[in-house]
Amino acid sequence: MNRREIVLAPIVHVLGARPNFVKAAPVIGALRAAGAEQAVIHTGQHYDERMSEVFFTELGLPEPDVNLGVGSGGHAEQTAALLVGLEKEFTSRSPALVIVYGDVNSTIAAALVAAKLRIPVAHVEAGLRSFDMSMPEEVNRRITDQLSALCLVTSPEGIGHLADEGVPVHRAHLVGNPMIDTLLANLGSFDTGRVREAHGLPERYVLATMHRPANVDEPETAAALVRHLHGVADLADLVIPVHPRGRANLLAAGLADHDAVHILEPLGYIDFIAAVRGAAAVVTDSGGLQEETTILGVPCLTVRPNTERPITITHGTNRLVSFEELVPGVRKALESGPVSADRKPPLWDGHAGPRIAEVIMRCLGE
Ligand code: UD1
């Protein structure tokens, strides 16, 4: 019996938010190569053309079989809409397995619905922990891992975190990082010169992204952040593609009121990573960008008290900073110049997608 005959019902991928798309592309590609039947449910958590569609086009993702259009809302409202929509889809499609990605609200909702319907769940990017339950993502990760039949782990310490939480060892698989598969597969397309020209950017700049609730949701915190970002702009031009979350608060706090601040709309994947690659340093509160800068060798200052990705500090270019440490940190990074990217986290080698496909096909075969 070949593998195609083993998989009778489709594997269903649930994608909702921007970082999910980048992680799913290599997994879908590898499962396609292995002959699996697949369907993609887009929950519609992210819906702006620049937050969603451009990623599907650039990354060669298949057109979603359905878009649930859940949109934005409070956590309860958004998660409730996700639960209702996903239950209908899973019931009518009877998937062999549901694959969820990362730590967004679409991830936990899909895992919960599938687990109640007794459909096995595979969690890509399992085992990451910030140990900070004030982050919605930490809640989402912990619950998703408990509900998952397969925990597909990007970083070795994740295996230990899962064991500490009682996840049986046979469920956890260290497979590497599919976000890095996407980065390495597109390395030839990241043309910094073209992005500089298209957006009128200077030769030397610091790139910033800020969207964590803890940094941008409260007007006073956003205003304090803007003061420190202006301090960075005193050192070098500051390019900031603004995520819709926090846009109003950051602009109201005067983010644009500095000659060296360049505010951009959210960029597509290729232009964004091209801009990151050409940056003298990155300032961020994103999760994925800590990983991408590690592989690109760009110094990364993460404006958070903790990270679920400590391997980007021990094996990469990342450093955690408080608001007060931000300007001195950027100054130091600018003085030190590019960081050697010799020491890479294990299995961040561009082959996580095929490893994930292998684990999944084996599991379905059993
Ligand atoms: C979500 C994830 C976060 C991830 C981020 C990546 C959760 C709990 N959070 O945060 O972990 O780092 O995605 O981008 O799932 N909005 C738009 N257009 C869109 C999407 C959002 O305008 O296409 C605006 C809306 O005002 C919305 C707000 O952004 O209320 C927040 O969107 P939401 O999906 O709730 O969470 P993110 O902050 O994007």
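Residues numbered from 1 in each chain as written. Predicted model: local features only at pLDDT ≥ 70, side-chain atom pairs only at ≥ 80, totals over all residues. Heavy atoms only, no water.

Focus on the site of the ligand
Around the ligand, the structure places 19 residues, and the nearest of them are Gln45, His46, Tyr47, Asn105 and Glu137. Interatomic distance of 2.7 Å between a side-chain N/O atom of His46 and an oxygen atom of the ligand. Alone, the ligand offers 740 Å² of accessible surface; in the complex the protein occludes 85% of this. In terms of residue class, the shell around the ligand is made up of six nonpolar, eight polar and five charged. (Near = heavy atom within 4 Å. Polar contact = N/O pair within 3.5 Å; in protein donor to acceptor, adjacent residues only side chain to side chain. Areas by Shrake-Rupley, 256 points an atom, 1.4 Å probe, with all protein chains shown as cover. Nonpolar A, V, L, I, M, F, W, Y, C, P; charged D, E, K, R; others polar.)

Details of the sheet that holds strand β2 (residues 38-42)
Pairing is parallel in the open sheet, where seven strands are placed in the order β3-β2-β1-β4-β5-β6-β7. For this open sheet the edge positions go to β3 (66-67) and β7 (172-174), each flanked by a neighbour on one side alone. Relative to strand β5 (residues 121-126), strand β4 (residues 97-101) runs parallel, the two sharing four bridges. If you follow Tyr101 over to β5, its bridge partner there is Val124. (Pairing = 2+ DSSP bridges. Helix = DSSP H or I, 4+ residues; strand = E, 2+ residues; numbered from the N terminus.)

Thoughts on the packing of aromatic side chains
Taken as a whole and judged by the stated rule, the model has three aromatic pairs. Pairing Phe21 with Phe55 gives two aromatic rings, centres 6.3 Å apart and planes at 50°, and the pair type is tilted. A residue pair is termed long-range when its members are at least 10 positions apart, and Phe21 in helix α2 (residues 18-33) and Phe55 in helix α3 (residues 53-58) qualify at 34 residues. In this pair, the class of Phe21 matches that of Phe55, namely buried. (Phe/Tyr/Trp six-rings, centres within 6.5 Å; stacked < 30°, edge-to-face > 60°. Buried < 20%, exposed > 50% of the residue type's maximum accessible area, 1.4 Å probe, protein only.)

A look at the packing of helix α8 (residues 178-185) against helix α14 (residues 288-296)
Close contact between α8 and α14 brings their axes to 10 Å; oriented N to C, the two are set at 50°. Considering the angle they form, α8 stands oblique to α14. Considering how the two elements wind past one another, α8 and α14 form a crossing that is right-handed. Counting all contacts with α8, which are made through Met179, Ile180, Leu183 and Leu184, the residues of α14 involved are Gly288, Glu291, Glu292, Ile295 and Leu296. A per-class count over the contact of α8 with α14 returns six nonpolar, one polar and two charged. (Axes fitted to C-alpha atoms, helices over the stretch in contact; angles between N-to-C directions. Parallel < 35°, antiparallel > 145°, perpendicular 65-115°, else oblique. Left-handed = near helix turned anticlockwise from the far one by under 90°. Contact = heavy atoms within 4.5 Å.)

A short note on the sheet that holds strand β11 (residues 281-284)
With parallel pairing, six strands are arranged side by side in an open sheet as β10-β9-β8-β11-β12-β13. Of all the strands in the sheet, the pair left with one neighbour each is β10 (261-264) and β13 (318-320). Averaged over all neighbouring strand pairs, the angle between strand axes comes to 20°, with direction disregarded. The pairing of strand β9 (residues 237-241) with β10 spans four bridges and is classified as parallel. Counted as the bridge partner of Pro241 is Leu264 from β10. Across the face of the sheet, helix α13 (residues 269-277) comes into contact with β8 (205-209), β9 and β11 while running at roughly 135° to β8. The sheet strands contacting helix α16 (residues 323-336) are β8, β11, β12 (300-302) and β13, and the helix crosses β12 at an angle near 170°.

A closer look at the environment of Pro299
For Pro299, the location among the structural elements is in the loop between α14 and β12. Separated by ten residues in the primary sequence, Pro299 and Leu289 have C-alpha atoms spaced 11 Å apart. Sequence-distant contacts of Pro299, defined by excluding residues within four places in its chain, comprise Ala280, Ala281, Val282, Thr317, Ala333, Gly337 and Val339.

Looking at the side chain of His46
Among the structural elements, His46 can be located in the loop between β2 and α3. By relative accessible area, His46 is classed as buried at 16%. Discounting chain neighbours no more than four positions away, the residues touching His46 are Gly16, Ala17, Arg18, Met51, Ser52 and His243.

A few points about the packing of α2 against helix α17 (residues 352-365)
Where α2 meets α17, the closest approach of the two axes is 8 Å, and the angle between their N-to-C directions is 55°. Between α2 and α17, the angle is such that the two are oblique. The element α2 and its partner α17 pack so that their crossing is right-handed. Listed contacts from α17 to Pro26, Val27, Ala30 and Leu31 of α2 are Gly353, Pro354, Ile356, Ala357, Ile360 and Met361. Here the residues of the contact of α2 with α17 are counted per class, giving nine nonpolar, one polar and no charged.

Focus: the environment of Gly85
Along the polypeptide, Gly85 turns up in helix α4 (residues 75-93). Once the C-alpha coordinates of Gly85 and Val113 are considered, the two residues, 28 residues apart in sequence, prove to be 9.7 Å apart.

Things to note about the pattern of salt bridges
In this structure the tally under the stated criterion is 19 salt bridges. In this structure, the salt-bridge partner of Glu137 is Arg212, at a minimum N-O distance of 2.8 Å. In this pair, Glu137 sits in helix α6 (residues 136-147) while Arg212 sits in the loop between β8 and α10 (213-216), placing the two residues 75 residues apart along the sequence. Note on accessibility: Glu137 and Arg212 belong to one class, buried. (Salt bridge = Lys/Arg side-chain N within 4 Å of Asp/Glu carboxyl O.)

Let's talk about the domain arrangement of the chain
When the domains of the chain are assigned, the result is domain 1 (3-177 + 348-365) and domain 2 (187-336). The gap between the C-alpha centroids of domain 1 and domain 2 is 27 Å. Tallying the contact residues gives 24 residues for domain 1 and 21 residues for domain 2. Summing the contributions of domain 1 and of domain 2, the shared interface buries around 1,800 Å²; its carbon and sulfur component is 59%. Taken as a group, Arg50, Glu58 and Trp348 account for 29% of the area that domain 1 buries against domain 2, more than any other trio of residues on that side. At the junction of domain 1 and domain 2, the tally comes to seven residue pairs in polar contact (both at pLDDT 80 or more). Put simply, the parts of the chain that give the side of domain 1 that touches domain 2 at least two residues each are α2, α3 and α6. Its residues placed into classes, the side of domain 1 that touches domain 2 shows nine nonpolar, four polar and eleven charged. (Domains from an automatic or database assignment. Buried area = accessible area lost by both parts, 1.4 Å probe.)

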